[in-house]
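# Reading the structure
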Amino acid sequence: VSGALASQRDVLDEVAALQATTDGLIRANTELLDLQSAEIRRASSDPAAATETIRQSFDRIYASIDAIDGFRADAVRALLRASPPVRGRSSCGTSRGACRG
């Protein structure tokens, strides 16, 4: 009988150890979940890209568009200087009149 009682005590000790381990794991998981939830809330409130980075990117895009517009305007002026007679001609080469067939 004393051997059976000793075995029963060992089982009860193992069950208590298992319960303590399970409690510790649940507590640790809950703390990690709480910490990660706070980090997710903080991260979601911050934009994916910094506002200054976005502003600088748009400034560069607008500068590029302005440069292209400037190049186009310069090219038109250069074309007009290089071939002034083209200004008064229609697409078929006659002077502002209808194309003859």
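The following paragraphs examine the structure supplied in this document. (Residues numbered from 1 in each chain as written. Predicted model: local features only at pLDDT ≥ 70, side-chain atom pairs only at ≥ 80, totals over all residues. Heavy atoms only, no water.)

### Some words on the overall build of the protein
Along the backbone of the protein there are two helices and zero strands. The burial tally for the protein puts 1% of its 101 residues in the buried class. (Helix = DSSP H or I, 4+ residues; strand = E, 2+ residues; numbered from the N terminus. Buried < 20%, exposed > 50% of the residue type's maximum accessible area, 1.4 Å probe, protein only.)

### Some thoughts on the pattern of salt bridges
Counted under the stated rule, the structure contains four salt bridges. A salt bridge links Arg55 to Glu52; its shortest N-O distance comes to 2.4 Å. A residue pair is termed a helical-turn pair when its members lie 3 or 4 positions apart in one helix, as Arg55 and Glu52 do in helix α2 (residues 51-82) at three residues. Note on Glu52: relative accessible area 41%, which makes it partly exposed. The closest approach of N and O atoms between Asp59 and Arg55, which form a salt bridge, is 2.4 Å. Pair noted here: Asp59 and Arg55 are both in helix α2, with a separation of four residues, about one helical turn. Residues joined in a network through salt bridges with shared partners are Glu52, Arg55 and Asp59. (Salt bridge = Lys/Arg side-chain N within 4 Å of Asp/Glu carboxyl O.)

### Observations regarding a nonpolar patch on the surface
Together, Ile54, Phe58, Ile61, Tyr62 and Ile65 line one region of the surface with nonpolar side chains, adding up to about 480 Å² of accessible area. Relative to the helices and strands, Tyr62 is located in helix α2. (Patch = residues over 30% accessible without salt bridge, like charges linked within 9 Å, V, L, I, M, F, W, Y side chains within 5 Å. Areas by Shrake-Rupley, 256 points an atom, 1.4 Å probe, with all protein chains shown as cover.)

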